[in-house]
Amino acid sequence: MTDSLSTPLVITVGDNATPIWGMSVRERTRRIAGKAGLAFAEAPADAATPVLLVNAAFAFDPPLLGWMTRQAGTVLKKDGIPAIAHVTDAAAVPAAIAWMAGQGGQPPGLTEIVHDAGFTLYNDQLRKREQPFLEPLTPATVRTIERRSYYAAYKGVTDILTKYLWPEWALVLTRIAARIGMTPNMVTGIGAILCVAAFFLFADGHYWAGMGAGLGFMVLDTVDGKLARCTITSSRWGNVFDHGIDLVHPPFWWWAWGAGLGTWGLGLPPERFLWVMIAIVGGYVVQRLIEGTFIRSYGIHIHVWERTDSRFRLITARRNPNMVILLASVIAGRPDLGLVGVAWWTMLSLLFHAVRLAQAMVRKAGGRPITSWLVE
């Protein structure tokens, strides 16, 4: 099993009338190929071009296609049926197409990879290691496959609300958005409106209404990314739009929360409010800088270095965990203490990440590599 010396051409074999996420199998495969930097065609181009044959009877996790480009001369099987074959011998391509279409036997020279035996791939973008799915696509299996593809598009290392509370809500909304033809940027745009509404509601002391708007925004912040990955429509602009909002809005929310305390008769003295904002905003910015420094220095996110870092990411002082603190404070009738609590938690999270960066520096200086526990 060796790497191919040239980029294979992607060809879909057979037809399948069952749509997935509102797309035909052929269209989905074309989009996956495009995102992987591969050309998609209806037939082989010439004798010198290797091909990736994709069986239209199956739906598969997008990373599988990219992985199969590096497995020259192999065929990936599911339940004994060829699903994806990387054929480098031009003479064998017609026979391989016929075989995959259920006509004729397996051509010689293809090494079998059995999906059923189980293997895992590390997805750096989504910060997780798991077995990519590969399933027969029929009307009876489509909802199960969509569910699997949705969860396959979920980040493995994230905050506790995104990981455990949002998924089912966001799955329903993602399905609806895909069915009615909404784009990820449309979802992001609606979320942005709710984000701005939450800011003004917080500033006026309407914390419950603001949290309602904030909740809608936080859920849609999950939906847009999943919709983009499930429908294979992610774009550079969409990524900038989504992550730009994520990066910028939290400090404005915390300032607005503090401004709204006067409505409750719990306004912080100016000097104390200033220090609370310095702790929250300054701590947030410095933590982001630490994360960026870690990526530039070691090529991985600080949250995936060791298992401890991934666990701490569940509760680190980002928007969602901070909103849990603020919600508890509103329930208790003391939103002022909630803001102070966010300031303290931000400082503790900052201390944790600063120590972890220092430990990484010491380890690297000692000649030991910094790698993700997910890769290992």
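It should be noted that the structure appears before, not after, this text.
These lines cover the structure that appears in this document, whether it is placed above or below. Predicted, not measured: the structure shown is a model, and the values here were computed from it. (Residues numbered from 1 in each chain as written. Predicted model: local features only at pLDDT ≥ 70, side-chain atom pairs only at ≥ 80, totals over all residues. Heavy atoms only, no water.)

## Concerning the overall build of the protein chain
Part 1: Within the protein chain, the secondary structure is distributed over 13 helices and 10 strands.
Part 2: Summarising its shape, the C-alpha atoms of the protein chain cover approximately 80 × 55 × 30 Å along the three principal directions.
Part 3: Taken across its 376 residues, the protein chain has 49% of its residues classed as buried.
Part 4: In the protein chain, 74% of the contacts between residues at least 6 apart in sequence involve partners at least 24 apart.
Part 5: As displayed, the protein chain offers around 17200 Å² of accessible surface, 64% of which is attributable to carbon and sulfur atoms.
Part 6: The protein chain carries 34 positive and 27 negative side-chain charges, and their two centres are separated by 4 Å. (Helix = DSSP H or I, 4+ residues; strand = E, 2+ residues; numbered from the N terminus. Buried < 20%, exposed > 50% of the residue type's maximum accessible area, 1.4 Å probe, protein only. Contact = heavy atoms within 4.5 Å. Areas by Shrake-Rupley, 256 points an atom, 1.4 Å probe, with all protein chains shown as cover. Lys, Arg positive; Asp, Glu negative; His and termini not counted. Charge placed at Lys NZ, Arg CZ, Asp CG, Glu CD.)

## Here we look at the nonpolar core
Part 1: Among the nonpolar cores identified, the biggest contains 55 residues, and Phe202, Trp253, Trp257 and Leu339 are the most heavily contacted of them.
Part 2: Mapped onto this core, the elements with two or more residues apiece are helix H4 (142–152), helix H6 (167–179), helix H7 (184–203), helix H8 (207–230), helix H9 (236–260), helix H10 (270–298), helix H12 (319–331) and helix H13 (335–365).
Part 3: The element that contributes the greatest number of residues to this core is H8, accounting for 10 residues.
Part 4: The contact partners of Trp257, leaving out residues within four places of it in the chain, are Phe202, Tyr207, Met211, Leu326, Ser329, Val330, Pro335 and Leu339.
Part 5: Judged by nonpolar contacts, the second largest core, of 20 residues, contains Leu38, Phe58, Trp67 and Phe119. (Core = buried A, V, L, I, M, F, W, Y, C linked by side-chain atoms within 4.5 Å.)

## Some thoughts on the pattern of salt bridges
Part 1: Counted under the stated rule, the structure contains 19 salt bridges.
Part 2: Between Arg363 and Glu306 there is a salt bridge; the shortest N-O distance is 2.9 Å. Highlighted residues: Arg363 in helix H13 and Glu306 in the loop between H10 and helix H11 (307–313), separated in sequence by 57 residues.
Part 3: A residue is classified by how much of its surface remains accessible, and Arg363, at 23% relative accessible area, is partly exposed.
Part 4: Classification of Glu306 by relative accessible area gives partly exposed; the value is 25%. (Salt bridge = Lys/Arg side-chain N within 4 Å of Asp/Glu carboxyl O.)

## So, the pairing of strand E3 (residues 51–55)
Part 1: Of all 5 residues making up E3, 5 are buried, and the element is well covered by its neighbours.
Part 2: Burial along E3 is two-sided: Val51, Leu53 and Asn55 and Leu52 and Val54, pointing in opposite directions, are all buried.
Part 3: Sheet analysis places strand E1 (residues 9–13) next to E3, joined by 5 bridges and oriented parallel. Bridging from a neighbouring strand, Val10 pairs with Leu52 of E3.
Part 4: Both E3 and strand E6 (residues 81–87) contribute to a ladder of 4 bridges, which runs antiparallel. Across the sheet, the residue bridging to Leu53 is Ala85, located in E6. (Pairing = 2+ DSSP bridges.)

## Some thoughts on helix H3 (residues 93–100)
Part 1: Those residues of H3 not exposed but buried are Val93, Ala96, Trp99 and Met100. Projected onto a plane normal to the axis of H3, the buried residues spread over an arc of 125° and lie on a single side. (Arc of directions from axis to C-beta.)

## Regarding the packing of H6 against H8
Part 1: The interhelical angle for the contact between H6 and H8, taken along N-to-C directions, is 60°, at an axis separation of 9 Å. Between H6 and H8, the angle falls in the class oblique. Viewed along their axes, H6 and H8 form a crossing whose handedness is right-handed. Contacts from Trp169, Ala170, Leu173, Thr174, Ala177 and Ala178 of H6 reach H8 at Leu215, Val219, Leu220, Thr222, Val223, Lys226 and Leu227.
Part 2: Of the residues in the contact of H6 with H8, the class split is 10 nonpolar, 2 polar and 1 charged. (Axes fitted to C-alpha atoms, helices over the stretch in contact; angles between N-to-C directions. Parallel < 35°, antiparallel > 145°, perpendicular 65-115°, else oblique. Left-handed = near helix turned anticlockwise from the far one by under 90°. Nonpolar A, V, L, I, M, F, W, Y, C, P; charged D, E, K, R; others polar.)

## Considerations on the packing of aromatic side chains
Part 1: Tallied over the full model, the rule gives 19 aromatic pairs.
Part 2: An angle of 25° between the planes, with centres 4.0 Å apart, marks the rings of Tyr207 and Trp257 as stacked. Within this pair, whereas Tyr207 is found in helix H8, its partner Trp257 is found in helix H9, the two being separated by 50 residues in sequence.
Part 3: By relative accessible area, which is 0% here, Trp257 ends up buried.
Part 4: Seen in terms of ring centroids, Phe312 and Phe352 are 4.0 Å apart; in terms of plane orientation they differ by 25°. Their pairing is stacked. In this pair, Phe312 is assigned in helix H11 and Phe352 in helix H13, connecting sequence segments 40 residues apart.
Part 5: Three or more aromatic residues joined by ring pairs make a cluster, and in this case those are Phe202, Tyr207, Phe217, Trp253, Trp254, Trp257 and Trp264.
Part 6: Of note, Arg28 hangs over the ring of Phe60, and the distance from its end group to the ring centre comes to 5.8 Å.
Part 7: The aromatic ring of Tyr154 is capped on one face by Lys226, whose charged end is 4.5 Å from the ring centroid. (Phe/Tyr/Trp six-rings, centres within 6.5 Å; stacked < 30°, edge-to-face > 60°. Lys NZ or Arg CZ within 6 Å of the ring centre and 35° of its normal.)

## Let's talk about the packing of H9 against H10
Part 1: One can describe the packing of H9 onto H10 by two numbers: an axis separation of 11 Å at closest approach and a directional angle of 170°. Classified by the interaxial angle, the pair formed by H9 and H10 is roughly antiparallel. Listed contacts from H10 to Asp246, Leu247, Pro250, Pro251, Trp254, Trp255, Gly258 and Ala259 of H9 are Phe273, Met277, Ile280, Val281, Tyr284 and Arg288.

## Digging into the side chain of Thr29
Part 1: Positionally, Thr29 belongs in helix H1 (residues 25–35).
Part 2: Look at Thr29 and you get buried, because its relative accessible area is 2%.
Part 3: Residues contacting Thr29, with those up to four places away along its chain left out, are Val10, Thr12, Phe40, Val54 and Phe60.

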